[in-house]
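The primary structure of each chain is shown beneath.
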Amino acid sequence: MDNEMRDQAEMAENIGIAVSRRKAFAMAAKLGLGSAALAGGIGTGLAANPPEAAGGLPKKSYKIVFVNHVTTNEFFTPTIYGIQDACAFFGCSYQWTGSQNSVVSEMVNAMQTAIAGKADGIAVCLIDATAFDSPTSNALAAGIPVIGYNADVPAGSPNKRLCYVGQPLYQSGYNIATRWLKLVPKGGHVMLSIPSPGTLNLQPRLDGYIQAIKDHGNTVTYDVVNSSVDQATEISRIESYYLSHKDVAGLFGTGGGDTYACGFVSAKYGLAKKGVIAAGYDLYPQTLGYIKAGDMTFTTDQQPYLQGFVPLLQMYLYKLSGGAVAPADTNTSLAYVTKDNVDLYLGKSRFEGSTSAEPT
């Protein structure tokens, strides 16, 4: 390398270091960290010169509004606990609002109210493909971050939400069906339940079920039952279906309530002993009890606690950093709960919503 090229390389390196230092010190100022704590680490290596311990992140009185589609559904009990715990960490407050029965207009109104009230952040279950586009844009224009949780808009949507926290719903349905299809006899007939057809928290799961059946090629047939979001109605409709289709080989829910209803019917009529497979979603205590008793084959854990804690954490950091720490898509998992590991979930746990007591 000649002298001119060497000088240019050294200049570029020095410019890069200077820019990196300026960015780091700017971030330190935003986060309330002392520049002295960073000075020793930048350029010489943080590992060799660790910054002095700071006092931790500050508490901020940000108000975060969570817009939900089934506000009284017990599935979201651990979600609320996750929100409360994050608020305790960071000094924030929250509002839990929306609709009790997946009425999209009520959810949109709740978002508009949050915008008018100058909320510091909005988390919303995006159960409709287009209805939330305008309020999301309005919120962002007002400087209010919007995060989707539990249900997301389709790929390619113009919705400008900053990220999604929850399961990839279509893929979860496909994966779950692939699991139970291995247990259904060739040529068997199964029931697929959906509490609210068309909503983006459930329909992608059902679509995944159906595509997996088509791809599996073992000639399994199916009926789709609209089970409703009301628990008593779910039980009634799934029980009625079984009584008129006693040759059914499987009962499969796409939500927490209808999965519980599948287990209820299986237990009531001793279907597991007849070889009927029952499976689905979520960790209702009754569902876990049916798995323990052998009346259900498995359910899935999408970690609803994280669907409350993580959106609030991400909006706190976004606000605190002035937007430098951007919210990131978060897959809250697809863990299977079977008779082999159900005991882990049966104990009293705030993280699973079975107790409000804080862990010690």
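For the structure, see preceding data.
Below or above, wherever it landed, is the structure these notes cover. (Residues numbered from 1 in each chain as written. Predicted model: local features only at pLDDT ≥ 70, side-chain atom pairs only at ≥ 80, totals over all residues. Heavy atoms only, no water.)

1. Digging into the side chain of Gln314
As for its placement among the helices and strands, Gln314 is situated in helix H11 (residues 304-320). Of the polar contacts made by the side chain of Gln314, one reaches the side chain of Thr330; its length is 3.3 Å. Those residues within four positions of Gln314 in sequence are excluded, and the remaining contacts are Ile147, Cys163, Val165, Ala326, Pro327, Ala328 and Thr330. (Helix = DSSP H or I, 4+ residues; strand = E, 2+ residues; numbered from the N terminus. Polar contact = N/O pair within 3.5 Å; in protein donor to acceptor, adjacent residues only side chain to side chain. Contact = heavy atoms within 4.5 Å.)

2. A word on the nonpolar core
If you look at the biggest cluster of nonpolar residues, it comprises 72 residues, and the most contacted ones within it are Ile122 and Leu312. Top element by residues in this core is H11. It accounts for 7 residues. Those residues in contact with Ile122 that lie beyond four places of it in its chain are Val65, Val67, Met111, Ala114, Ile115, Ala139, Ile144, Pro145, Val146, Ile147 and Met315. Of all hydrophobic cores here, the second largest spans 21 residues; its members include Ile194, Ile210, Val220 and Ala279. (Core = buried A, V, L, I, M, F, W, Y, C linked by side-chain atoms within 4.5 Å. Buried < 20%, exposed > 50% of the residue type's maximum accessible area, 1.4 Å probe, protein only.)

3. Things to note about empty space enclosed by the protein
As enumerated under the stated definition, the model contains 1 cavity of 30 Å³ or more in all. Its volume calculated, the largest cavity comes out at about 220 Å³. In the lining of the largest cavity, the residues fall into 7 nonpolar, 10 polar and 3 charged. (1 Å grid on protein atoms, 1.4 Å probe; cavity = no way out; pocket = protein on both sides within 12 Å on 5 of 7 lines; lining within 4 Å. Points joined across faces, edges and corners; volume = space filled by probe spheres on them. Nonpolar A, V, L, I, M, F, W, Y, C, P; charged D, E, K, R; others polar.)

4. Considerations on the layout of surface pockets
As a volume, the largest pocket reaches approximately 220 Å³. Residues of the lining of the largest pocket, tallied by class, amount to 3 nonpolar, 6 polar and 3 charged.

5. Quick word on the sheet that holds strand E4 (residues 146-149)
With parallel pairing, 6 strands are arranged side by side in an open sheet as E2-E1-E3-E4-E5-E11. The open sheet terminates on both sides in strands that have one partner only, identified here as strand E2 (93-98) and strand E11 (330-331). In the sheet, E4 pairs with strand E5 (residues 164-166) via 2 bridges, with the strands oriented parallel. Following the sheet pairing, Tyr149 is matched in E5 by Val165. Across the face of the sheet, helix H3 (residues 77-90) comes into contact with strand E1 (63-68), E2 and E4 while running at roughly 155° to E2. (Pairing = 2+ DSSP bridges. Axes fitted to C-alpha atoms, helices over the stretch in contact; angles between N-to-C directions.)

6. Quick word on the pairing of strand E7 (residues 221-226)
Where strand E6 (residues 189-194) lies against E7, 6 bridges are found, and the strand directions are parallel. Following the sheet pairing, Met191 is matched in E7 by Asp223. For the crossover from E6 across helix H7 (residues 203-216) to E7, the handedness is right-handed. (Right-handed = clockwise from strand over helix to strand, strands pointing away.)

7. Brief notes about the packing of H3 against H11
Running from N to C, H3 and H11 point in directions that differ by 30°, and their axes come no closer than 6 Å. The handedness of the crossing between H3 and H11 is right-handed. Residues Pro78, Thr79, Tyr81, Gly82, Ile83, Asp85, Ala86, Cys87, Phe89 and Phe90 of H3 form the contact with H11, whose participating residues are Pro304, Tyr305, Gln307, Gly308, Phe309, Leu312, Leu313 and Tyr316. Among the residues forming the contact of H3 with H11, the class breakdown is 13 nonpolar, 4 polar and 1 charged. (Left-handed = near helix turned anticlockwise from the far one by under 90°.)

8. Details of the pattern of salt bridges
By the definition in use, this model includes 7 salt bridges. A salt bridge links Asp85 to Arg350; the shortest N-O distance between them is 2.9 Å. Here the residue Asp85 occupies a position in helix H3, and Arg350 occupies one in the segment after helix H12 (343-346), the gap between them amounting to 265 residues. Grouping residues by exposure puts Asp85 and Arg350 together as buried. Note that Lys292 and Asp343 form a salt bridge whose closest N and O atoms lie 2.8 Å from each other. Of this pair, Lys292 sits in helix H10 (residues 285-293) while Asp343 is found in helix H12, placing the two residues 51 residues apart along the sequence. Classification of Lys292 as partly exposed rests on a relative accessible area of 39%. When salt bridges with common partners are traced through the structure, they connect Asp85, Arg350 and Glu358 into a single cluster. (Salt bridge = Lys/Arg side-chain N within 4 Å of Asp/Glu carboxyl O.)

9. Some points on the sheet that holds strand E8 (residues 250-252)
Paired through backbone hydrogen bonds, the strands of a sheet run either parallel or antiparallel to each other. Taking strand neighbours across the sheet as the criterion, the 4 strands line up as E7-E6-E8-E9 in an open arrangement whose pairing is parallel. The sheet is open, and its two borders are formed by E7 and strand E9 (277-279), each paired with just one other strand. The average angle at which neighbouring strand axes cross in this sheet is 15°, direction not considered. Helix-sheet contacts for H7 involve E6, E7 and E8, and the interaxial angle to E6 is about 165°. Helix H8 (residues 231-244) rests against E6 and E7 of the sheet, and its axis sits at about 165° to E6.

10. Considering the packing of helix H6 (residues 169-181) against H7
Where H6 contacts H7, the axes come no closer than 7 Å and their chain directions differ by 45°. As the angle between them shows, H6 and H7 are arranged oblique. Once H6 is placed against H7, the crossing between them reads as right-handed. Of H7, the residues touching H6 (which contributes Leu169, Tyr170, Ser172, Gly173, Tyr174, Ile176, Ala177, Thr178, Trp180 and Leu181) are Pro204, Arg205, Asp207, Gly208, Tyr209, Gln211, Ala212, Ile213, Asp215 and His216. Of the residues that constitute the contact of H6 with H7, the class distribution is 11 nonpolar, 6 polar and 3 charged. (Parallel < 35°, antiparallel > 145°, perpendicular 65-115°, else oblique.)

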